[in-house]
Each structure stands twice: as structure tokens, then as C-alpha cells.
Amino acid sequence: GEVRWGEPCVQTTDERGAPRSIVRATDLASDPRATLRADGERVAAFLEERGYEGPFGVDFLLRAEGRLQLSEVNPRFTLGWA
């Protein structure tokens, strides 16, 4: 019945793609919160319709042109949750 939203985070990786750090997304060129929230709401509704109850994370890629692209949905707490 309730969705609790966290803050958008940015993950940096090393040259092999392994996570290096996760920080709150405060320095993005544009504020993507409206896009992130709208996509997150759609994911939450999709999961609820199918009976899923539990934590989930929504990952996006920030494309070179500045566009956000939905990457994956993880049915667990994400690395940036804490």
C-alpha cells in the first residue's frame, strides 16, 4: 500500500565496471527527479498489479546527450539504500 522513495544516487565504477562509490545525485546538469519519479511510479504500479510486495530499486543510465534511460529493476534494496 505504500511506496517510500529514496533520493537519486549516482554510482561510479572502475575500468571493469565494478562499483566504486555511490553518492546522492546533487551535481547533475539537469534535475531528473520528475522523470525518475514518473518512471518509478510506473514500476511500482506494475509490481503491485502482479502481487509483488517488497523493496525494489530502479536503475537508469545517464546517456551522453543527457537523456535518462531506464536500465533495470531490482527486487531488493539497492546498493545506495543506506
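An account of the accompanying structure is given in this report. As a convention, each chain's residues are numbered from 1 in the sequence order in which they are written. Local features in this predicted model are restricted to residues of pLDDT 70 or higher, and side-chain atom pairs are both shown and tallied only at a pLDDT of 80 or more, whereas totals for entire chains, interfaces and linings draw on every residue. As a convention, hydrogens and water are excluded, and side-chain values are obtained from all of the structure's heavy atoms.

Some remarks on the overall build of the protein
So, point 1. The number of helices and strands found in the protein is one helix and four strands.
So, point 2. Counting from the N terminus, the helices are the DSSP runs of H or I reaching at least four residues and the strands are the DSSP runs of E reaching at least two. When the elements of the protein are put in sequence order from the N terminus, they spell out β-β-α-β-β.
So, point 3. Scored against the burial criterion, the 82 residues of the protein give a buried share of 16%.
So, point 4. Long-range pairs, those at least 24 residues apart, make up 26% of the contacts in the protein with a sequence separation of at least 6.
So, point 5. Working definition of accessibility: Shrake-Rupley area with a 1.4 Å probe, residue cover restricted to the visible protein chains. Summed over all atoms, the accessible surface of the protein reaches about 6,600 Å², with 49% contributed by carbon and sulfur. Relative accessibility thresholds used throughout: buried, under 20% of the residue-type maximum; exposed, over 50%; partly exposed, between the two (1.4 Å probe, protein chains only). Residues count as neighbours in contact if any of their non-hydrogen atoms are within 4.5 Å of one another.

Brief notes about the pairing of strand β2 (residues 19-24)
So, point 1. Where burial is concerned, little of β2 is hidden: zero out of the six residues are buried.
So, point 2. Between any two strands, pairing holds if DSSP finds at least two bridges. Bridge analysis of strand β1 (residues 9-13) against β2 gives five bridges, and the strand direction is antiparallel. Opposite T12, over in β2, you have S21 as the bridge partner.
So, point 3. Where β1 hands over to β2, the hairpin turn is made up of five residues, of which G17 adopts a positive phi near 90 degrees.

Here we look at the pattern of salt bridges
So, point 1. Between Lys or Arg on one side and Asp or Glu on the other, a salt bridge is scored when a side-chain nitrogen of the former is within 4 Å of a carboxyl oxygen of the latter. Taken as a whole and assessed by the stated rule, the structure comprises four salt bridges.
So, point 2. One salt bridge connects E41 with R37, and the closest N-O pair in it is separated by 3.2 Å. Residue E41 and its partner R37 are located together in helix α1 (residues 33-49), separated by four residues, close to a single helical turn.

Some details on the pairing of strand β4 (residues 68-74)
So, point 1. Of the strand pairs in this sheet, strand β3 (residues 57-62) and β4 are connected by six bridges, and their pairing is antiparallel. Paired with L62 across the bridge in β4 is L68.
So, point 2. Hairpin remark: β3 followed by β4, antiparallel, with five residues in the connecting loop; positive phi at G66, about 90 degrees.

What about the packing of aromatic side chains?
So, point 1. Note on aromatic contacts: the rings of Phe and Tyr and the six-membered ring of Trp form a pair at centre separations within 6.5 Å, being stacked when their planes are under 30 degrees apart, edge-to-face when over 60 apart, and tilted otherwise. All told, the structure shown has zero aromatic pairs when counted by the stated rule.
So, point 2. A ring is considered to have a charge above it if a Lys NZ or an Arg CZ atom is located within 6 Å of its centre and within 35 degrees of its normal. If you follow R50 out to its NZ or CZ, it ends over the ring of F46, 3.5 Å from the centre.

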